[in-house]
Every structure is written in C-alpha cells, then in structure tokens.
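Each chain, written out:
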Amino acid sequence: MGPDQLEGWKDRLEDVAAHVCDKLCRHPMEVAEQEELDAICEGCPVSACAGTLLDS
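For every chain, the first residue of the written sequence is number 1, and numbering continues from 1 along that sequence. Residues qualify for local features only when their pLDDT is at least 70, as the model is predicted, and side-chain atom pairs are given and counted only at 80 or more; totals for whole chains, interfaces and linings, by contrast, use all residues. Computation of side-chain values covers all heavy atoms of the structure but excludes hydrogens and water.

Draft legend 1. Representation of the overall build of the chain within the structure. Labels follow the DSSP assignment, with helices taken as runs of H or I lasting at least four residues and strands as runs of E lasting at least two, numbered in each case from the N terminus. On a plain count of helices and strands, the chain comes out with 4 helices and 0 strands. Helices and strands appear in the chain in the N-to-C order α-α-α-α. At 13 Å, the chain has a C-alpha radius of gyration far larger than the 10 Å of a compact globule built from 56 residues. Counting only C-alpha atoms and orienting by the principal axes, one finds that the chain spans roughly 40 × 20 × 15 Å. Throughout this description, buried means an accessible area under 20% of the type-specific maximum (1.4 Å probe, protein chains only), exposed means over 50%, and partly exposed covers the range between. Out of the 56 residues belonging to the chain, those deemed buried represent 9%. Computed by Shrake-Rupley with a 1.4 Å probe, the accessible areas treat only the displayed protein chains as cover when residues are assessed. Surface accessibility of the chain: about 4600 Å² in total, with carbon and sulfur atoms responsible for 56%. The quantity called the radius of gyration is restricted to C-alpha atoms. Its globule counterpart is 2.2 Å times the number of residues to the power 0.38.

Given below as structure tokens:
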C-alpha cells in the first residue's frame, strides 16, 4: 500500500469516527461538562481503535 492510499484510509477512518462520535454517540447529548465527556471518550472503543490506527 502506497503512502497516498494510506492517507486515504486514514481520512476515511477519521470521517467514520467523527460520524460515530457526532451523530450516533449518546454521551454528548447527556453530558454538559467537557471534562466529563473527555473522560468518557477516553474509554470509548471507537476512540481507542481510531487512535491506534491513526498513530501508526
């Protein structure tokens, strides 16, 4: 896989993760404090998966 293809996959992964977090996750609608939301997001499997794949 070439660097351009890898960047394309990373862009798609970021888009999918953003969609899940912004449109499907219930926590942003239920939690008012950003610090509390950040703590929840740290334990999210979507965040963990995206972080692992995007950091490589």
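We are not done yet, so read on.
Draft legend 2. Fine view of a nonpolar patch on the surface. There is a patch of nonpolar side chains on the surface, built from Met1, Leu6 and Trp9 and spanning about 380 Å² of accessible area. Mapped onto the elements, Trp9 comes out in helix α1 (residues 3-24). Here the term patch refers to residues with relative accessible area over 30% and no salt bridge, with like charges joined within 9 Å and nonpolar side chains (Val, Leu, Ile, Met, Phe, Trp, Tyr) within 5 Å. Any carboxyl oxygen of Asp or Glu that lies within 4 Å of a side-chain nitrogen of Lys or Arg is treated as forming a salt bridge with it.

Draft legend 3. Up close: the environment of Cys41. Relative to the assigned elements, Cys41 resides in helix α3 (residues 34-42). Judged by its relative accessible area of 30%, Cys41 falls in the partly exposed class.

Draft legend 4. Structural detail: a negative patch on the surface. Residues counted as positive are Lys and Arg, residues counted as negative are Asp and Glu, and His and the chain ends are not counted. Note that the charge is assigned to NZ on lysines, CZ on arginines, CG on aspartates and CD on glutamates. A contiguous patch of negative charge, built from Asp4, Glu7, Asp11, Glu14 and Asp15, is present on the exposed surface. You can see Asp4 is positioned in helix α1.

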